[in-house]
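Analysis of the macromolecular model
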Amino acid sequence: MSTTTAPAPGADAVPTGADPLDLEAVDALEFWVGNALQAAHFYRTAWGFDIVAYAGPETGVRDRASYVLQQGELRLVVTASTREGSEIARHVARHGDGARDISLRVADAEAAFREAISRGAVPVHAPSEDSDGEGVVRRATIQAYGETVHTFVERGDYRGIYAPGYEARETVVDPLPSVGLLAFDHSVANVELNRMNFWVEFYEKVLGFHMIQGFTDDDISTEYSALMSKVVSDGVGRIKFPINEPAPGKRRSQVDEYLDFYSGPGLQHIAINTDDIIASVTALEARGVEFMHVPGTYYEDLRKRFSDVHLDVEALEHHGILADRDDEGYLLQIFSHMNQDRPTVFFELIERHGSRGFGNGNFKALFVALEAEQERRGNL
Ligand code: FE2
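Remember, it's a predicted structure, so these values are computed and weren't measured experimentally. Within every chain, residues take consecutive numbers counted from 1 along the sequence as written. Under the rules for a predicted model, residues below a pLDDT of 70 receive no local features and side-chain atom pairs below 80 are neither given nor counted, while totals for whole chains, interfaces and linings still include all residues. Hydrogens and waters are ignored; side-chain quantities use all the structure's heavy atoms.

1. A look at a negative patch on the surface
Each patch is built from residues that are more than 30% exposed by relative accessible area and take part in no salt bridge. Like charges join if they lie within 9 Å; nonpolar side chains (Val, Leu, Ile, Met, Phe, Trp, Tyr) join within 5 Å. Note that accessible areas follow from Shrake-Rupley with a 1.4 Å probe, and for residues the cover is restricted to the protein chains shown. Any Lys or Arg side-chain nitrogen found within 4 Å of a carboxyl oxygen on Asp or Glu counts as a salt bridge. Charge counting follows a simple rule: Lys and Arg are positive, Asp and Glu are negative, and His as well as the terminal groups are ignored. Here the site of a charge means atom NZ of a Lys, CZ of an Arg, CG of an Asp or CD of a Glu. Negative charge collects at one region of the surface, where Glu300, Asp312, Glu314 and Glu317 lie side by side. Secondary structure counts use DSSP, requiring at least four H or I residues in a row for a helix and at least two E residues in a row for a strand, with both numbered from the N terminus. Its place among the elements puts Glu317 in helix H8 (residues 313–319). Note on exposure labels: buried denotes an accessible area under 20% of the residue type's maximum, exposed denotes more than 50%, and partly exposed covers the range between, all computed with a 1.4 Å probe on protein chains only. Residue classification places Glu317 among the partly exposed residues on the basis of a relative accessible area of 33%.

Right, dumping it as structure tokens:
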């Protein structure tokens, strides 16, 4: 019944080098939220980001307030509507706080947009440019899954903090230990049943990505629920988007729960790199961030799987950090509780040691933990 292939993790994750749109990196992840002031405070105080820029009525932007948050190379933007009935307000009413735009930095926004459209993308915003005393930012936007979009951002001619309309914010001296998050690793889409292959093809055809991994529902299932997942990557391997769809199970899967509460497809989680996950999790816990915990039996098994690798298994177990390995090395990862009231978006931390996988070996243990949370919410 499974139709996906399941190559060894990382086995075919070799970059192709093909990059028809000249994608450089993920530029920012923009969340549309109900209250940007409070969301920015949460990502600063709990997650250790700096608030580096602001746009709103005080800077001449009348209909919204946006805060730009930075940690390492990772940039988040949280935006709220200041008016009833706007596109942002409607998005938030439908989806709750969620990711609107996974923007992609390019050398030439107009060229990337034209190439994407010629490859079948649906346009959202035609190429436009904004300028101020610091230079010019050029942007153009295409549709992705659900109401999520990709904006191509060209900032080679811009010296300012983020974009015209934004003013720099002075960094607040953070009295708490640094969290140490470094960069975007991957972001995961949840799409509807039987739509995973459609979106894999979208990334292949439109953005020139290629598939690097697939898991079947045999790999990722518990007694009750399952999912199927494929991972697409850009040609140089900097941008990786796993795409999940629910698979039939006895009860409702975590992807079904997401689709129900998000009212459709959307971004499920962002994985962020750290080079010391134990230190990062320790710092985040001190700030009040909570993480998923797997059953203790997981660590008995982990000791066997990693008998030849020096790992502080006691510390991993104390914090609930997971480990997985493949031919190329290993990785450590942990998943946070939800970032908002709806069971939709959360974060992952990941510390990689050679492995370019996504922790498939942990999915089953993780599902058991996720289902325990789902059960508590009465959604299983
Ligand atoms: Fe992940």
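Now that the structure has been shown, we can carry on.
2. A word on the pattern of salt bridges
The tally for this structure, following the rule as stated, stands at 21 salt bridges. In this structure, Arg105 engages Asp27 in a salt bridge whose closest nitrogen and oxygen atoms are separated by 2.9 Å. Residue Arg105 is located in strand S5 (residues 98–106), and its partner Asp27 is located in strand S1 (residues 23–32); the two are separated by 78 residues in the primary sequence. Since its relative accessible area comes to 2%, Asp27 is described here as buried. The partner of Asp63 in a salt bridge is Arg64, with the nearest N and O atoms 3.4 Å apart. Using a relative accessible area of 33% as the deciding quantity, one classes Asp63 as partly exposed. The exposure class of Arg64 is partly exposed, given its relative accessible area of 27%. Overlapping salt bridges, with partners in common, bring together Glu24, Asp27, Arg75, Arg105 and Arg155 in one network.

3. As for the pairing of strand S7 (residues 135–143)
When strand S6 (residues 123–132) meets S7, the two strands line up antiparallel, connected through 7 bridges. Each bridged residue has a counterpart across the sheet, and for Asp130 the counterpart in S7 is Val137. Strands pair, by our definition, only if DSSP identifies at least two bridges between them. Counting the residues in the hairpin turn of S6 and S7 gives 2 residues. Looking at chain direction, S7 and strand S8 (residues 149–154) are connected through 6 bridges and run antiparallel. Across the sheet, residue Ile142 finds its bridge partner in S8, namely His150. Turn length for the S7-S8 hairpin, with the two strands adjacent in sequence and antiparallel, is 5 residues, and the turn residue Gly146 shows positive phi of about 60°.

4. A closer look at the pairing of strand S13 (residues 240–247)
The element S13 is extensively covered by neighbouring structure, given that 8 of its 8 residues are classed as buried. Two strands pair when backbone bridges link them, and strand S10 (residues 183–190) and S13 are joined in this way by 2 bridges, in the parallel orientation. From the neighbouring strand, Ala189 faces S13, where its bridge partner is Ile243. Relative to S13, strand S12 (residues 226–233) is paired through 8 bridges, and the arrangement is antiparallel.

5. Focus on the coordination of the iron ion
At this site the iron ion is bound by His186 (NE2), His269 (NE2) and Glu348 (OE), with donor distances of 2.0 to 2.2 Å. Only nitrogen, oxygen and sulfur atoms within 2.8 Å of the metal, or 3.2 Å for Na, K and Ca, are treated as donors, and water is left out, so sites may look incomplete. Of note, the donors binding the iron ion are all from one chain and are spaced H-x82-H-x78-E. Here the residue His186 occupies a position in strand S10, and His269 occupies one in strand S14 (residues 266–273), the gap between them amounting to 83 residues. Each member of the pair His186 and His269 is classed as buried.

6. Notes on unusual backbone geometry
At Asp22, a position not held by glycine, the phi torsion is positive, near 55°. Look at Asn194: it is not a glycine, yet its phi comes out positive at around 70°. Topologically, Asn194 is positioned in the loop between S10 and helix H4 (196–207). For Asn194, a relative accessible area of 63% translates into the label exposed.

7. Thoughts on the sheet that holds strand S2 (residues 50–55)
Pairing in this open sheet of 9 strands is mixed, and the strands run S6-S7-S8-S5-S1-S4-S3-S2-S9 from one edge to the other. The outermost strands of the open sheet, each flanked by one partner alone, are S6 and strand S9 (167–168). In this structure, S2 lies alongside S9, joined through 2 bridges in antiparallel fashion. Bridge assignment links Tyr54 to a residue of S9, and that residue is Glu167.

8. Digging into the domain arrangement of the protein
A common measure of how large an interface is: the accessible area buried when the components associate. Domain start and stop points were drawn from an automatic or database domain assignment. Annotation of the protein at the domain level lists domain 1 (25–168) and domain 2 (181–377). Using only C-alpha atoms to locate each centre, domain 1 and domain 2 end up separated by 25 Å. Pairs of residues are marked as contacts when any of their non-hydrogen atoms sit within 4.5 Å. Facing 40 residues of domain 1, the contacting portion of domain 2 comprises 37 residues. By convention, the term buried area covers the 1.4 Å-probe accessible surface removed from two parts as they join, with the contributions of both added. The largest per-residue losses of area from domain 1 upon contact with domain 2 belong to Trp47, Arg119 and Tyr145, which jointly make up 25% of the total buried on that side. The tally of links from domain 1 across to domain 2 stands at 0 salt bridges.

9. So, helix H1 (residues 36–45)
Taken together, the buried positions of H1 are Ala36, Ala39, Ala40 and Tyr43. Projection of H1 onto a plane perpendicular to its axis shows the buried side chains occupying an angular sector of 100°, all on one side. Facing away from the buried side of H1 by more than 90 degrees, the exposed set consists of Leu37 and Gln38. Those residues of H1 hidden inside the fold are in contact with S2, strand S3 (64–71), strand S4 (74–81) and strand S17 (346–353). Taken from the helix axis, the directions to the C-beta atoms give the arc we talk about.

10. Things to note about helix H5 (residues 254–262)
Inspection of H5 places Gln254, Val255, Glu257, Tyr258, Leu259 and Tyr262 among the buried residues, and these make up the whole buried set. Within 3.5 Å is the distance limit for a polar contact, defined as a pair of N or O atoms, with the added protein rule that one can donate a hydrogen and the other accept it, and that residues adjacent in sequence qualify only through two side-chain atoms. One side-chain oxygen of the residue at the start of H5 lies 3.2 Å from the amide nitrogen of Val255, identifying that residue as Ser253. One or two residues past the end of H5 sits Ser263, with phi positive at roughly 60°.

11. Comments concerning the packing of aromatic side chains
Aromatic pairing here means that ring centres of Phe, Tyr or Trp (its six-membered ring) are within 6.5 Å. Orientation follows from the plane angle: under 30 degrees is stacked, over 60 is edge-to-face, and everything else is tilted. Overall, the coordinates contain 18 aromatic pairs when judged by the stated rule. Centre to centre, the rings of Tyr54 and Tyr67 are 4.9 Å apart; their planes meet at 55°, and the pair counts as tilted. A residue pair is termed long-range when its members are at least 10 positions apart, and Tyr54 in strand S2 and Tyr67 in strand S3 qualify at 13 residues. For the residue pair Tyr54 and Tyr67, the accessibility class agrees, reading buried in each case. Here Trp199 and Phe202 contribute two aromatic rings whose centre-to-centre distance is 5.0 Å and whose plane-to-plane angle is 65°, an arrangement assigned as edge-to-face. Taken together, the positions of Trp199 and Phe202, both in helix H4 and 3 residues apart, correspond to about one turn of that helix. Here Trp199 falls in the buried class, since its relative accessible area comes to 10%. Residue classification places Phe202 among the buried residues on the basis of a relative accessible area of 9%.

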